Each structure stands twice: as C-alpha cells, then as structure tokens.
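# Results of the structural survey
Here are the chains, one letter per residue:
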Amino acid sequence: MPANNPATGMGRVTDEGYVGTVFAAPNVPDYVVAELRYEAPVTFTASRFTAPAAAAPQADRLNDVLARFDIKTVRSQFGLKASTVRSRVEVAAVLPPEPNPARYADRGMDTDFIQSGFVQVVPERGRDVRAIAQALDRNAAVWKAYVAPRPVPAVVNGSTPGSRNFEPAQGYLHSPPDGIGAAEVWSLPGAKGTGITICDIEGNWNRSHEDLPTGISLLGGTVIADLGWRNHGTAVLGEVISTPDAKGTVGISHEAKGAVHSAIVNGVFNTAAAITNAAAALSAGDVILIELQATGPNGKYVAMQYWSDIFSAIVAATAKGITVVEAAGNGNENFDLAVFAGTGLQKDSGAIVVGAGIPPTNHFDNDDAYASIGVPRSRIWFSNYGKIVNVHAWGWHVTTLGYGDAQGGGSQNRWYTLRFSGTSSASPIVTGAVACIQGRSKAKNGAPLAPNQVRKILMTTGTPQVAGPGVPLKQRIGPLPNLPKAMKKI
Amino acid sequence: MDPIVPGVSLPPNSPIRRPVELKLKPGWRFDAGKRVFVSEAGERVSPGADLPKRTRIVPTVPSLASADEATLSPAERDLRRHVQVILPPGEPPDRYVDAVRAWPCVEQADVGPEVSLP
C-alpha cells in the first residue's frame, strides 16, 4: 500500500521509489528487445527471422520461439530500413566470435550494423513479453533479450511538467522560530484546516488560478475591476488554501474551504455589511479575514476596526464563534496615541489584529545593495503597532500566487510571486494558523474553540517579537504563531 | 530605510464612491419606504432638502434593518443604527457632512473611510 511521504504529506512511496506525481500509463504495447550477436548472420522480416542456408538453423530456432506466441510484429529497434537490416548478414558472416567493433570497423562493423542487431519483438498480448524474452535470451544467436522498460518521468515534487514548485520558498511554513511550523503539524488529524471555511474580505480574486481549489464562493459584494486588487486577493488565498499538488505553493490550511466577499456593497465600501453577510453564511469555528486598511485621522493607514460600524460588526461575528483576523495596516502608526482614545484602535473587538514582522529572509532584493531590512521577528518599518495588535507574521517577501514576478506568462492562472508583503501578507499566515487550530480542535474535541481561546493560544505560545534598531519591543506587534506549541494547548 | 509602504489604492477612474456615514441616536431608525427618519416617540426627520437628487440612503447592514430586534446581539443592535448616504456620482461627500450632522436624529457623521489594501 503506497504510503504518504512523511516529509511533505504529498506524493507516494511505492516499491519502485518515490512518486511525486501520478502519471496515467500511456497506451503503448509492451515488447521484447533481442540483441543479435554480431557474428550471427541472422536478419528478420516483419514476421520472422531469416538467414542464409548455412545459418538457417539459427533463424529456425528463433522462429520456433516466435511460433509459441501470437506475434504482432518484428521490426528494427532503431527503425532501420529493411535493406540496412538485410545487409547485416554479409558483415556478420565473416566476423569472429565476439568481435571488437573498433577493430572490425573497416569490415562493415559500423553504427548501422551494430544497430541492425537490435530487434523489437511485439506480441499481441503484453503478458507474453517475459516468456518471449526468456526464451530468446537462451538462444545462441542472441546476445541478450529483455523486456523493454516502461519509463515514467523522473520527477519529484518540484519538477512536474508545467508550473514550477515554489513550496521550498515558503519559509513561513517552516518550523519556529523562522516560520509558524505549519508543515510540522499537518500530520495531526484536522490540522490542515479540515472542516473550516475561511472568508476573505477585500475586492477581487482570481478564483480560477491553477493552484486554488475549485468552488471558492463569492458570498456577496461587487468585485473591483482592477489587476492590483485581483493580484492581492489571489495572493491572500494562495497563502491559506493553495493546493498541495507539486506545483506552485501549498496553503497553510489547504484542507480548509475558501470563500470571499467584496467590501463593495451598493457601490461604496461597506466593510461592516461584508463582515455581517459573511458571518451569516459561516459557522462557529470558521474564519473571516479583513484584508483592508483605511486612512485614519493622522493621515496614516489604520486598522478597519477604527470605524465604529466595522467594530460592531466584528464584535457580532466573534460572538457567533467566528474568528476574525484583521490586518493592522501599513501606516507605521501607533494605536496607543491619545488621538485614538475611545476608538476601536484602543478597544477589544474580539478580532485577532495582525502586525507585520521581519522574516528571516531579511533583505531587499530590489537594488544592488541587498541591504538588510532589520532583525527577524522585529517590527517592520511600516507595520502599525499598539496594545490591540495581538500577533505578527511575515510582512516581507511571502511566496504565494499572483503578480507574476516568480512565474509570469500569458495566463494569470499561472502567476506566482516571491514578494507579497505588508500586513496583507502577514494576516493570511495568521488566518491559516487559526484554521489549522480550529480544524484540529474539531477533529480532536468535536468542536471548535471560541475565538478568544484561539487568540490566547496564539499569543501565549508564539515565538516572541524581538527588538531591532529603531523598533523597540514597546512598539508591540506580538509574537509569531508557533503551531507545534499551539497544538499542545488544544 | 526603504520608503516603500505596501498599499494598493483604488484605480484612478474607479466608479466606487465614498459615502457619508452616520450613526443614529438610540431609538431612531430610517424608514426606507417613506425616506424619512423616525423615532420611537414618533418624531420625523426628512433628509430630502439637504441632499442632491438621486441620493440613496441605505442601512449600512440591510439584513439587520429588517431583523427582529429581540433576536439581535448588543453589537448587532448598535450596528443597526448605522446608515450610509450614497451621493450621486461627482458629488463630494465632505460637502454634505455638516448638513447630515445637523439632523436631530444623528449621533455622529463622517465621510466614509478611504479604503486601500494593506
């Protein structure tokens, strides 16, 4: 029984070796290759072996073998013309036993002669090939006879025909402290987000991307016709639910179901309605991701719960057992400032508010300097911060779907990126972690956790934020989720 | 430090408008059929004269507007007090915010947020 590859959870280990991708067996016949001895003056037609009178017994014995089976055809393994095959008899007749081709080249032992000795014997029934090969192999005129191999593409995950495999670049899947340890927990029942639905709220998505599952529902709202918004939504979905199929990427919670809701309702942004509508379509244990920010009173981007209608919508959704994950925003804004007193930026909506941190791949790659962007797990320069920011994740160069900088081409369905960034890239990482936790909880305990329990687990088990130059710990973005530790709390 | 701040705004010619968003005082609701705000005490505020023609006034969350209040959570009851004033294309919302704030049924009003992608 083929077993799952323990390292990746994908592909299969068979008796023959590791099979990263299953290929359909081509409809071609099995056959035998018989290599005639150089010195055997035997040739062949489409149905039998022939030889001059002096060597007729050799041909006869070969034909005796053929006569025991239903033979479809006999032909040159190298597709040589019949005249070339026939001419081998004259050369073979004058050769000594086991002649050295280099020595007898001037006597006709050229490439054509050597190739002319390879005979393809194709039976009507594929199951006869072994017996034919064994019988011919015992014949004195034959140097070697064997069943022709049936090759399969020598691929492992990563070299499948078509799109490249970008999974090795998904460092956020790796074990803590660099990543969140998603791949490490996938072997636990439910921990791939099984039975959980994730609804992403923003403006556009390419739901036909080759690496997304089918059936991602648009729950409501009007899609924004813009490539930038489309790439963004596609990238977000890729982080959480891209399929484990040996091409592209694999989502953190790739057994979760995807759904989307546009924030455009009645021709205007109405995030509160989108959250409320999404919550009505979801169940306890499911996840809503708010992938939006807006300009706050200081002219900087802030989290959407600053606005009171959105705050109330989040409170209502979490009260139904739905975990809401919310991007903190990219405004380099301090939510603890007095200007935000009494607003949603200093109150608990029940959401998990996500800041952006520096990943271990902490360099710019868009200039010659390759400068460092900071200390891994410290606050990245644009991330908002404050007491309500609960956890952080990679805010720079996340590998996922869309954009086309990693793999482009004419079809957006095959676009991939190595550079999705911002609290936008961080929030789906946390969303995927939440889905893994809730899937695991349902599998183990028969029920999901309450949203505040999920948040507490992520905050108390995560890999701590660290300080960096100009970004002290008091600029709080919280820890990076640590799923292996979190799973022990379920 | 690289000045890049990730963010994606709406495309320049987007038809998506910014509304005026208001929160009603407790006890008030919008009667969409009569285009009038009504209070539990029977007071009425008609917004028509302050707004351009073809302005739409809609509950922020329509599904909550028609729901039985007894079935709503406190957060949903709060959310039900939110209303959007969607002006016709080309009408700048900030021109109408003060007029909306002056309605006696309104607790607070602002131009809707300028939303982008983080």
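Just so you know, these numbers come straight off a predicted model, no measurement behind them. (Residues numbered from 1 in each chain as written. Chains lettered and ligands numbered in written order. Predicted model: local features only at pLDDT ≥ 70, side-chain atom pairs only at ≥ 80, totals over all residues.)

## Focus on the overall build of chain B
- When helices and strands are tallied, chain B shows three helices and eight strands.
- Seen in sequence order, chain B has helices and strands lined up from the N terminus as β-β-β-β-β-α-α-β-α-β-β.
- Based on the C-alpha atoms only, the size of chain B along its principal axes is roughly 60 × 35 × 20 Å.
- Counting every position in chain B, which comprises 118 residues, the buried fraction comes to 35%.
- Relative to all contacts within chain B whose residues are 6 or more apart in sequence, the contacts with residues 24 or more apart total 65%. (Helix = DSSP H or I, 4+ residues; strand = E, 2+ residues; numbered from the N terminus. Buried ≥ 20, exposed ≤ 12 C-beta atoms within 10 Å, placed from the backbone. Contact = placed C-beta atoms within 7 Å.)

## Some details on the packing of helix H10 (residues 423-445) of chain A against helix H11 (residues 451-461) of chain A
Residues and elements named next belong to chain A.
- Contact geometry for H10 and H11: axes closest at 11 Å, N-to-C directions at 115 degrees. Overall, the two elements H10 and H11 adopt an arrangement that is roughly perpendicular. The crossing of H10 and H11 is right-handed. Facing Ala433, Val434, Ile437 and Gln438 of H10, the residues of H11 in contact are Val454, Ile457 and Leu458.
- Looking at side-chain class alone, the contact of H10 with H11 contains six nonpolar, one polar and no charged residues. (Axes fitted to C-alpha atoms, helices over the stretch in contact; angles between N-to-C directions. Parallel < 35°, antiparallel > 145°, perpendicular 65-115°, else oblique. Left-handed = near helix turned anticlockwise from the far one by under 90°. Nonpolar A, V, L, I, M, F, W, Y, C, P; charged D, E, K, R; others polar.)

## Things to note about the confidence of the model for chain B
- In this model, chain B carries a mean pLDDT of 93, and residues with pLDDT of at least 70 account for 96%.
- Here the predicted complex carries an ipTM of 0.91, next to a pTM of 0.74. (pLDDT = per-residue confidence, 0-100.)

## Focus on the sheet that holds strand E4 (residues 44-45) of chain B
All names here are of chain B.
- Sheet architecture is open: three strands sit in the order E2-E3-E4, paired in antiparallel fashion. Only two strands of the sheet have a single neighbouring strand rather than two, namely strand E2 (28-31) and E4.
- As defined by bridge partners, E2 adjoins strand E3 (residues 36-39) across four bridges and the pair is classed as antiparallel. Note that in E3 the partner of Trp28 across the bridge is Ser39. (Pairing = 2+ DSSP bridges.)

## A few points about H10 of chain A
Residues and elements named next belong to chain A.
- Taking 1.5 Å as the rise per residue, H10 with 23 residues should run 33 Å; its terminal C-alpha atoms sit 32 Å apart, in good agreement.
- Counting buried positions along H10 gives 20 out of 23 residues, so the element sits mostly inside the fold.
- Trailing H10 by a residue or two, Gly446 shows a phi angle of about 80 degrees, which is positive. (Expected span 1.5 Å × (residues − 1).)

## Quick look at the interface of chain B and chain A
- On the side of chain A, 42 residues touch chain B, which itself brings 34 residues to the contact.
- Of all the secondary structure elements, the ones that give two or more residues to the side of chain B that touches chain A are strand E1 (20-24), helix H1 (62-65), helix H2 (74-79), strand E6 (82-86) and strand E8 (115-116) of chain B.
- Sheet analysis places strand E16 (residues 293-295) of chain A next to E8 of chain B, joined by two bridges and oriented antiparallel. Among the inter-strand pairings, Gln293 of chain A is bridged to a residue of E8 of chain B, identified as Ser116 of chain B.

## Regarding the sheet that holds strand E5 (residues 56-59) of chain B
All names here are of chain B.
- Spatially, four strands are ordered E5-E6-E1-E7 in an open sheet, and the strand pairing comes out antiparallel. Unpaired on one side and paired on the other, E5 and strand E7 (106-111) mark the two borders of the sheet. In this sheet, neighbouring strand axes are inclined to one another by 20 degrees on average, regardless of whether the strands run parallel or antiparallel.
- Pairing of E1 with E6 involves four bridges; the strand directions are antiparallel. Across the sheet, residue Val20 finds its bridge partner in E6, namely Val85.

## Section: the pairing of strand E19 (residues 352-357) of chain A
Residues and elements named next belong to chain A.
- Within E19, six of the six residues are buried, which leaves it mostly tucked inside the rest of the structure.
- Burial of the side chains of E19 extends over both faces: Ile352, Val354 and Ala356 are buried on one face and Val353, Gly355 and Gly357 on the other.
- Of the pairings in the sheet, the one linking strand E18 (residues 323-327) to E19 comprises three bridges and is parallel in character. Residue Val325 lies in a different strand from E19, and its bridge partner there is Ile352.
- Examined bridge by bridge, E19 and strand E20 (residues 389-394) share five bridges and lie parallel to one another. Directly across from Val354, in E20, lies its bridge partner Val391.

## Overview of the environment of Arg127 of chain A
- Secondary-structure assignment places Arg127 of chain A in the loop between strand E8 (118-123) and helix H5 (129-137).
- Separated by 262 residues in sequence, Arg127 of chain A and Val389 of chain A place their C-alpha atoms 67 Å apart.

## Some points on the nonpolar core
All names here are of chain A.
- In this structure, Ile275 and Ile288 are the most contacted members of the largest nonpolar core, which totals 131 residues.
- A per-element tally of this core places H10 first, with eight residues.
- Not counting residues within four places of it along the chain, the set of residues in contact with Ile275 comprises Ile201, Ile288, Ile310, Ala313, Ile314 and Ala317.
- Within the second largest apolar cluster, 30 residues are counted, among which are Val65, Val129, Leu136 and Ala141. (Core = buried A, V, L, I, M, F, W, Y, C linked by C-beta atoms within 7 Å.)

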